[in-house]
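# Observations on chain architecture
Residues per chain, in single letters:
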Amino acid sequence: MRRRLLAAAAVAVVAVPAVIDTVPATADRAHPSVVSDNPVDWTPHVLDGTVWSMALVDDTVVVGGAFTKVADSSRRQTYERKNIFAFGLHDGEIRTFAPRVDGAVYSLAAGPDHSVYMGGAFKTVNGAQQRGLARMSMRDGSRYGSFNARVNWGDIRAIVSRGERLYAGGTFSAVNGVQRVGLVRLNGETGSVDQGFDARLAGPGLKRTRVEHFDVSPDGTRLIAVGAFLRSGGADRTQIAQFDVGGSGAGLTNWYTDAFKPTCMKGFDTYLRQVKFSPDGSYVVVAATGRASSAQKLCDSAARFEVRSTGRQNPTWVQRTGGDSLYAVAITGPAVYLGGHQRWFDNPYGTDGNGPGPGAVSRPGIGAVSPSTGKALEWNPTRSRGVGVRTFLVTPDGLLVGSDTDQLGREYHGRIGMFPLR
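These numbers were taken from a predicted model, which means no experiment stands behind them.

### A few points about the confidence of the model for the protein
Of the residues in the protein, 94% reach a pLDDT of 70 or more, and the chain-wide mean stands at 93. Confidence drops under a pLDDT of 50 for residues 1–25, and excluding neighbours within four residues, the segment shows 71 contacts in the predicted structure.

Listed below in structure tokens is the structure:
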């Protein structure tokens, strides 16, 4: 039975055609164990900038970000690749895929027929006007002219492909001239706006309303978004909102939390950076920044929330770093992996200026916590902290990491590395 939508806050519901699930959701896949702390030696290297996103298309890893050069695993061969490139999942061989993109690629999602959707801050693709969103062929790097979605301004920060539907979130206020603030559902083939879903996000008093990140549950029925917003339709939703997207229409659910209402450091319109569903779809974990140390607030923390309940929710657990930002999360069953520029885990009473508090453990730049308790696991490969990990990609073979630094697991790995399953 469909969940009852919150009547006072339900977004517009319009019938849309049923879809065929030809592409899986992006919720992380389950692993049988925690991955090794020793990265494989055959991944390529990004030599400058930042890796922001990765997606798996068949046996190919697509990498997006803001960079200009990549090298093979031996660092003997360097290639010009601006903002996007691809390599083999099992051997690290750099593919010929090299579209021309004039701005950063912040998000990627596998598409049908060996294609990939990309979102970002670009305005042109292969010389053609295509702002913010594009669909590319992995065979030859060409742009699908039939996919013609364009944002009015700003960028796309997260995308999820789900059958014939494509969800996109970012800083825009309209797509193809249709008003959609921060979150939109499109036809994956044409890029036309799906009239069945309007999240009606608003941020009264904020400089701009935006979706920083979102995820879709493994069964495709729920979407959780985080970002700079305070309302959805007529309902209060501070920085996080859940939507029912499993039927012919879509609407806001009555699941909500007030846990992110307390502010962190002044100037943050949102301190939430990423949200991911567990492989079984029963909970999400939210990674946050905030530049504040607090044993009471959720600044610079990761927090688990159950999503199958209704009404007001409190976090099941909170992992606090003691004032260092977390930007990325991946959930595999045995572990919740967290990345940022943190120095410590289990550190609710530590501060930036005074060092770690009682019980804190060293986890520079990357670590893992227990899904049931949120406490740090022994897994501790380390990485050079930089600004932080920006993306994880869970594959059947292990965990890929994308960041802005070149030391991972005490080895040189230029902005990309992979921890294999043991």
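### As for the packing of aromatic side chains
Tallied over the full model, the rule gives 11 aromatic pairs. The structure contains a cluster of three or more aromatic residues connected by ring pairs, namely Trp255, Phe260, Tyr271 and Phe305. Sitting over the ring of Tyr412, Arg75 keeps its end group 3.8 Å from the ring centre. Directly above the ring of Tyr144 sits Arg135, whose terminal nitrogen or CZ lies 3.8 Å from the centroid.

### What to know about the state of the cysteines
Evaluated as defined, the whole model comprises 1 disulfide. Two residues, Cys264 and Cys299, share a disulfide whose sulfurs are 2.0 Å apart. The sign of the S-S torsion, about -100°, decides the handedness of the disulfide formed by Cys264 and Cys299: left-handed. In this pair, Cys264 is assigned in the loop between β24 (255–256) and β25 (272–277) and Cys299 in the loop between β26 (283–288) and β27 (301–306), connecting sequence segments 35 residues apart. Look at Cys264 and you get buried, because its relative accessible area is 12%.

### Here's the deal with the sheet that holds strand β3 (residues 60–66)
One open sheet accounts for 3 strands, arranged β2-β3-β6; its pairing is antiparallel. Edge strands, defined here as strands with exactly one partner in the open sheet, are β2 (50–57) and β6 (84–88). Each strand of the sheet is rotated relative to its neighbour by a mean of 25°, with strand direction disregarded.

### Concerning the pairing of strand β36 (residues 398–402)
With respect to burial, β36 is a largely interior element, 5 of its 5 residues being buried. Where strand β35 (residues 391–395) lies against β36, 5 bridges are found, and the strand directions are antiparallel. Considered in β36, the bridge of Phe392 is made with Val401. Turn length for the β35-β36 hairpin, with the two strands adjacent in sequence and antiparallel, is 2 residues. Relative to strand β39 (residues 416–420), β36 runs antiparallel, the two sharing 5 bridges.

Conventions and cut-offs
Each residue is numbered by its place in its chain's sequence as written, counting from 1. It should be noted that, the model being predicted, local features are given only for residues of pLDDT at least 70 and side-chain atom pairs only at 80 or more, the latter also being counted only at that level, while totals for whole chains, interfaces and linings use all residues. For the side-chain quantities, the full set of heavy atoms in the structure was used; hydrogens and water were omitted. Here pLDDT means the predictor's own confidence in every residue, given as a number from 0 to 100. Whether two residues are in contact is decided by their heavy atoms, any of which lying within 4.5 Å being enough. When two rings of Phe, Tyr or Trp (its six-membered ring) have centres within 6.5 Å they constitute a pair, described as stacked for plane angles under 30 degrees, edge-to-face for angles over 60, and tilted for the intermediate range. Lysine NZ or arginine CZ positioned within 6 Å of the ring centre and within 35 degrees of the ring normal marks a charge as sitting over the ring. Pairs of cysteine sulfur atoms within 2.5 Å are what we label disulfides. The way it works is that DSSP assigns letters per residue, a run of H or I at least four long becomes a helix, a run of E at least two long becomes a strand, and they are numbered from the N terminus. Each residue is assigned to one of three classes by its accessible area relative to the maximum for its type, calculated with a 1.4 Å probe on protein chains only: buried under 20%, partly exposed between the two thresholds, exposed over 50%. Paired strands are those between which DSSP finds at least two bridges. To get an axis, fit a line to the C-alpha atoms, keeping to the stretch in contact for a helix; angles then go from 0 to 180 degrees between the N-to-C directions.

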